[in-house]
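# Working through the structure, step by step
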Amino acid sequence: MEPPGPTTLTTRHEPRLIHETGLDARIAAIAEPVIEDLGFRLVRVKCSGRNGFTVQIMAERPDGTIGVDDCEQISRNLAPVIDADDPVDRAYHLEVSSPGIDRPLVRRSDFERWAGHVAKIELEQNHEGRRRFRGLLVGVKDDTFGVKLDGVAEGEPDTVWLPLDLLADARLILTDDLVAASLKAAKRQARTDLDDVEDPAVH
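Just so we're clear, the structure is a prediction, and the values are computed from it rather than from any experiment. (Residues numbered from 1 in each chain as written. Predicted model: local features only at pLDDT ≥ 70, side-chain atom pairs only at ≥ 80, totals over all residues. Heavy atoms only, no water.)

## What about the overall build of the protein?
- When helices and strands are counted, the protein shows four helices and eight strands.
- Its helices and strands in sequence order give the protein the pattern α-β-β-α-β-α-β-β-β-β-β-α, from N to C terminus.
- Residue burial in the protein is summarised as follows: out of 203 residues, 41% are buried.
- When contacts within the protein are restricted to residue pairs at least 6 apart in sequence, long-range pairs at least 24 apart make up 61% of them.
- When the accessible surface of the protein is summed, it comes to about 11400 Å², and 50% of that surface belongs to carbon and sulfur atoms. (Helix = DSSP H or I, 4+ residues; strand = E, 2+ residues; numbered from the N terminus. Buried < 20%, exposed > 50% of the residue type's maximum accessible area, 1.4 Å probe, protein only. Contact = heavy atoms within 4.5 Å. Areas by Shrake-Rupley, 256 points an atom, 1.4 Å probe, with all protein chains shown as cover.)

Printed below as a string of structure tokens:
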């Protein structure tokens, strides 16, 4: 069976399950309201020593898409706000990007949207004797998400349901199915953007 593509969801203010610490957290607190006011959602903030010092901000539309023009719009609006608060004690490069194909999973809806694709999961503490899992996402049930595990012995249970509130890290694994689904989603978005240009709303 072909894994499904991303489901269209529109919960702009849905809270994240995974949060940054330290300087990343301070920048996230500054950035998130600005990004949401523009109609997007913050995915992740990560500071690194790349190119001297880089503040990378991943964002997306509520439906999981984002374009180059969107990233530029976010950057133009966000840069002066970060500069005014001045959380970074050195010169830095601001980079606004999409989450990428092998994206982090940070909201409950991410586990619904990307059901049918392979992910790598890490929990904050052991669950049934382990903290790390890899397998096929099978959806969300109550306050848990399901993972059909790789390499389980025949006759053993192959699906675990993990608590969402124990998530430490989660991201999709790059597979041919994931690339195909992402390309389909990108084509759908391109057609939508073209329709918007050809048939602009009347004000």
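Now that the structure has been shown, we can carry on.
## What about helix H2 (residues 68–85)?
- Compared with the 26 Å implied by 1.5 Å per residue over 18 residues, the 26 Å span of H2 between its first and last C-alpha is a close match.
- The largest bend along H2 measures about 30° and falls at leucine 78, with the proline proline 80 one to four residues further on.
- Of all the positions in H2, only Asp70, Cys71, Ile74, Leu78 and Ile82 are classed as buried.
- Structurally, H2 contributes buried residues whose contacts are with helix H1 (22–37), strand S2 (54–60) and strand S3 (93–97).
- Aspartate 86 sits one or two residues past H2 and shows a positive phi near 60°. (Expected span 1.5 Å × (residues − 1). Bend = angle between axes of the 7 residues up to and from the residue.)

## Focus: unusual backbone geometry
- The phi dihedral of aspartate 86 falls on the positive side, at around 60°, and the residue is not glycine.
- Structurally, aspartate 86 is set in the loop between H2 and S3.
- In this structure, glutamate 128 takes a positive phi of about 55° despite not being glycine.
- Summarising the element assignment, glutamate 128 is placed in the loop between strand S4 (118–127) and strand S5 (130–141).
- On the basis of relative accessible area, glutamate 128 is assigned to the exposed category, the value being 67%.

## Let's talk about the layout of surface pockets
- Within this model, the second largest pocket holds a volume of roughly 190 Å³.
- As for the second largest pocket, its lining consists of 14 residues, and the residues nearest its centre are Ile18, Glu20, Arg44, Val45 and Asp169.
- When residues of the lining of the second largest pocket are assigned to their parent elements, the largest contribution, four residues, is made by strand S1 (residues 41–48). (1 Å grid on protein atoms, 1.4 Å probe; cavity = no way out; pocket = protein on both sides within 12 Å on 5 of 7 lines; lining within 4 Å. Points joined across faces, edges and corners; volume = space filled by probe spheres on them.)

## Let's talk about the nonpolar core
- By size, the foremost hydrophobic cluster in this structure holds 22 residues, and its most contacted members are Ile27, Ile35, Val55, Ile57, Ile74 and Leu78.
- Contributing elements (two or more residues each) for this core: H1, S1, S2, H2 and S3.
- In contact with isoleucine 74, not counting residues within four places along its chain, are Ile35, Leu38, Phe40, Ala59, Ile66 and Val96.
- Phe133, Leu149, Leu167 and Ala170 belong to the second largest nonpolar core, which has 20 residues in total. (Core = buried A, V, L, I, M, F, W, Y, C linked by side-chain atoms within 4.5 Å.)

## Things to note about the sheet that holds S5
- Judged by pairing direction, the sheet is antiparallel, and its five strands sit side by side in the order S7-S6-S5-S4-S8 without closing on themselves. A single partner strand is all that each edge strand has here, and the edge strands are strand S7 (159–163) and strand S8 (167–172). Shown here is a sheet whose adjacent strand axes are inclined to one another by a mean of 40°, direction ignored.
- Sheet topology places S4 next to S8; five bridges connect them, and they run antiparallel. Bridge pairing in S8 links alanine 119 to leucine 172. (Pairing = 2+ DSSP bridges. Axes fitted to C-alpha atoms, helices over the stretch in contact; angles between N-to-C directions.)

## As for the packing of H1 against H2
- Taken N-terminus to C-terminus, the directions of H1 and H2 make an angle of 140°; their axes are 10 Å apart at the nearest point. In this view, H1 runs oblique relative to H2, as classed from their interaxial angle. The handedness of the crossing between H1 and H2 is right-handed. Residue-level contacts link Arg26, Ile27, Ile30, Ala31, Val34 and Ile35 of H1 to Ile74, Asn77, Leu78, Val81, Ile82 and Asp85 of H2.
- Of the residues that constitute the contact of H1 with H2, the class distribution is nine nonpolar, one polar and two charged. (Parallel < 35°, antiparallel > 145°, perpendicular 65-115°, else oblique. Left-handed = near helix turned anticlockwise from the far one by under 90°. Nonpolar A, V, L, I, M, F, W, Y, C, P; charged D, E, K, R; others polar.)

Any functional reading would require information that these geometric values do not contain.
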